[in-house]
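Each chain is listed here by its residues.
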Amino acid sequence: MGRAIVATAALSALLAVCGCTVQGTDADGKHHLPVRIKLPGADAGPSATASAPSTPGATPAANVLWSRGDSGSGVRELQARLQQVDWLFDGPTGTYDDLTEQAVAGFQGKRGLPKTGETDKVTWQRLLAMTHEPGKWDLYLMGGQPAGAPDPRCLTGRVLCIDKTTRTLRWMIDGRTVSTMSVRFGAQYTPTRDGVFHVYWKARNWVSTLYHSPMPYAMFFSGGQAVHYSYDFSARGYAGGSHGCVNVRDEAAIASLFAQVRTGDKVVVYW
């Protein structure tokens with residue numbers, strides 16, 4: 001009898017170690033549901049007992065760096081580099097839109113890469129090898145650059161605060177920035193004058209009497225120099241320049257600015 005008890009105990013221990021299923025028995029001799037014995041360190045769930053079969057020759061998906069809907073400085077550089085190889089003609093905007101997606105897919109297809117339209121590491125490395133690092137104004141060819149700190153002379157009163165270094169215009173009232181927009185200045189031989197001026201005349205629809213070019217929303221501050229909307233700036237960005245005026249490319253922004261600025265408001269142009 002004692003040997004039977006010892007044998008039973010040994011068998012139970014062996015079953016526990018081996019992780020087998022034990023069929024339990026009630027006191028009245030009836031069987032109940034099996035009891036599962038879990039091995040030490042074994043994970044629960046399907047993934048612990050089986051793994052997905054591998055396909056011979058399968059290649060893991062390349063890591064995607066940027067795709068449609070993404071934004072930021074990396075996307076802006078991608079767009080600037082795509083422009084260098086003539087796959088993108090708008091922007092850079094810093095937003096991965098449908099045009100960027102189409103440009104990436106075209107670039108990929110031309111080089112035998114999967115035409116996903118997403119920029120993965122392989123696509124990015126190929127583009128890097130074919131292009132040079134874009135400069136600041138390549139990245140902001142069509143504007144969108146951040147404004148710098150305002151000149152101290154802009155911190156009182158109503159001021160058109162125009163920064164040549166960052167190529168931005170701040171509309172400020174008593175030190176508060178109301179709006180900011182990208183601007184373009186005069187070319188080498190027709191520079192925009194620096195200094196403190198005042199708006200002395202406004203003209204909603206004006207055509208230059210010297211160059212015969214349209215100057216909508218013109219706000220004159222120094223001789224024939226004015227802040228105004230520029231069709232050329234809107235189309236070509238910083239690829240061109242003005243005859244001395246301060247050009248704005250965002251028509252909605254300057255229309256709003258024109259409605260707010262009064263004759264006599266200060267203009268500060270500085271580096």
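As a reminder, the structure under discussion sits directly above these lines.
Residues numbered from 1 in each chain as written. Predicted model: local features only at pLDDT ≥ 70, side-chain atom pairs only at ≥ 80, totals over all residues. Heavy atoms only, no water.

Peer 1: Looking at this structure, I do not really get the state of the cysteines. What am I missing?
Peer 2: By definition, a disulfide links two cysteine residues through a covalent bond between their sulfur atoms. One pass over the structure, following the stated rule, counts 1 disulfide. A disulfide bridge connects Cys154 with Cys161, and the sulfur atoms are separated by 2.1 Å. Linking Cys154 and Cys161, the disulfide has an S-S dihedral of approximately 85° and is accordingly described as right-handed. (Disulfide = S-S within 2.5 Å.)

Peer 1: Got a minute to help me understand the sheet that holds strand E12 (residues 246-248) in this structure?
Peer 2: Pairing within the open sheet is mixed, and its 9 strands lie in the order E8-E13-E5-E6-E7-E12-E11-E10-E9. Looking at the sheet topology across the chains shown, the edges are occupied by strand E8 (195-198) and strand E9 (201-203). Taken pair by pair, the neighbouring strands of this sheet meet at an average axis angle of 25°, ignoring direction. With 2 bridges joining them, strand E7 (residues 176-184) and E12 adopt antiparallel strand pairing. By the bridge assignment, Arg184 is partnered in E12 with Asn247. (Pairing = 2+ DSSP bridges. Helix = DSSP H or I, 4+ residues; strand = E, 2+ residues; numbered from the N terminus. Axes fitted to C-alpha atoms, helices over the stretch in contact; angles between N-to-C directions.)

Peer 1: I keep staring at the packing of helix H4 (residues 98-110) against helix H5 (residues 121-130) and nothing clicks. Help me out?
Peer 2: Helix packing geometry: the angle between the two helix axes and the distance between the axes. Packing of H4 against H5 leaves a shortest axis separation of 11 Å and a crossing angle of 80°. Accordingly, the angle class assigned to the pair H4 and H5 is roughly perpendicular. Within the contact between the two elements, H4 uses Val104, Phe107 and Gln108 and H5 uses Thr123, Arg126, Leu127 and Met130. Residue classes in the contact of H4 with H5 are distributed as 4 nonpolar, 2 polar and 1 charged. (Parallel < 35°, antiparallel > 145°, perpendicular 65-115°, else oblique. Contact = heavy atoms within 4.5 Å. Nonpolar A, V, L, I, M, F, W, Y, C, P; charged D, E, K, R; others polar.)

Bear in mind that shape data such as this cannot, by itself, settle questions of function.
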